Amino acid sequence: MLKRSIELKLKEWKENKAKKCLLVRGARQVGKTYLIEYFGEKEYKSCITINFLKNPSYKKIFEGDLDVKTLLMNISLYVNDAKLIPDETLIFLDEIQECPEAITSLKFWNEEKRYDVIASGSMLGIDYKRPSSYPVGAVEYVDMHPLSFYEFLIASNVNDEVIEKMRECFENIEPVPFALHDKMMELLRLYIVLGGMPEVLNIFLEENDLQKADKKQRD
């Protein structure tokens, strides 16, 4: 799995006893779903994914009353093998912009506190289906982007000592050693060609084939 800096923010959020529901925003294909599910499986005894784009029938969970007791009952009815363990469960509302009532429900999940809730969505800021009762004050936000050059270096097996050396040179306004500079410029050019979309980078890193990576970009 590609190491993403945002995972540290997710851990900080989980450890905060006064946390609110978390809304992860970002363009499609930057890895939101994969990372949040990975985080949920690693950090919780139970992770329940409700993807409104993949399973439109899940919208029925949020029809009618939005109190948490009713929502939990509906989740157990609609989501196969859902394990609702108080204080040990992450409920992941994926592509939440497809279900305005689910956005409204974040207010009530935030009041309940027994279940951690992360929502993710694409282009939520310009979504015209945004509900009139938006849960102001009940949500924390974090934006997720394609891989940065730093994340690309980590994925390319550049060790922390090398990265720290470059950082020291930058902070002290000193030249980077020639061999290091030469290698970093090579990697920078590769990063510019590949971009930061996880699926494209995975193809290149696994097969070292620019043509296959280029085809995935064009797709």
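Here's what I pulled together on the structure shown here. (Residues numbered from 1 in each chain as written. Predicted model: local features only at pLDDT ≥ 70, side-chain atom pairs only at ≥ 80, totals over all residues. Heavy atoms only, no water.)

**Considering the pattern of salt bridges**
So, step 1. A full pass over the atoms with the stated rule returns 13 salt bridges.
So, step 2. Arg4 is paired through a salt bridge with Glu151; the nearest N and O atoms lie 3.3 Å apart. One end of the pair, Arg4, is in the segment before helix 1 (6-15); the other, Glu151, is in helix 5 (residues 149-155), and 147 residues separate them in sequence. Across the pair, Glu151 and Arg4 agree in class, each one buried.
So, step 3. The residue Arg218 makes a salt bridge to Asp214 at a minimum N-O spacing of 2.7 Å. Taken together, the positions of Arg218 and Asp214, both in helix 9 (residues 210-218) and four residues apart, correspond to about one turn of that helix.
So, step 4. Classification of Asp214 as partly exposed rests on a relative accessible area of 29%. (Salt bridge = Lys/Arg side-chain N within 4 Å of Asp/Glu carboxyl O. Helix = DSSP H or I, 4+ residues; strand = E, 2+ residues; numbered from the N terminus. Buried < 20%, exposed > 50% of the residue type's maximum accessible area, 1.4 Å probe, protein only.)

**Details of the packing of helix 3 (residues 68-78) against helix 4 (residues 100-112)**
So, step 1. Across the interface, helix 3 lies against helix 4 with an axial gap of 10 Å and an inter-helix angle of 105°. One way to sum up the angle between helix 3 and helix 4 is to call them roughly perpendicular. In contact with Val68, Leu71, Leu72 and Ile75 of helix 3, helix 4 contributes Ser105, Phe108, Trp109 and Glu112.
So, step 2. Of the residues contributing to the contact of helix 3 with helix 4, the split by class is six nonpolar, one polar and one charged. (Axes fitted to C-alpha atoms, helices over the stretch in contact; angles between N-to-C directions. Parallel < 35°, antiparallel > 145°, perpendicular 65-115°, else oblique. Contact = heavy atoms within 4.5 Å. Nonpolar A, V, L, I, M, F, W, Y, C, P; charged D, E, K, R; others polar.)

**Details of unusual backbone geometry**
So, step 1. The phi torsion at Gln29 lies on the positive side, around 75°, for a residue other than glycine.
So, step 2. Judged by its relative accessible area of 56%, Gln29 falls in the exposed class.
So, step 3. The residue Ile173 is not glycine, and still its phi comes out positive at about 55°.
So, step 4. Within the secondary structure layout, Ile173 lies in the loop between helix 6 (160-171) and helix 7 (178-194).
So, step 5. The exposure class assigned to Ile173 is exposed, which follows from its relative accessible area of 77%.

**Some thoughts on the sheet that holds strand 2 (residues 46-51)**
Backbone hydrogen bonds hold the strands of a sheet together, and the pairing may be parallel or antiparallel.
So, step 1. If you trace the five strands from one edge of the open sheet to the other, you get 2-3-4-1-5, paired in parallel fashion. Unpaired on one side and paired on the other, strand 2 and strand 5 (139-143) mark the two borders of the sheet. Pairs of neighbouring strands in the sheet enclose a mean axial angle of 20°, with direction left out of account.
So, step 2. Pairing of strand 3 (residues 89-94) with strand 4 (residues 116-121) involves four bridges; the strand directions are parallel. Directly across from Phe92, in strand 4, lies its bridge partner Ile118.
So, step 3. In the packing of helix 2 (residues 32-43) onto the sheet, contacts are made with strand 1 (21-25), strand 2, strand 3 and strand 4, and the angle to strand 3 comes to roughly 170°. (Pairing = 2+ DSSP bridges.)

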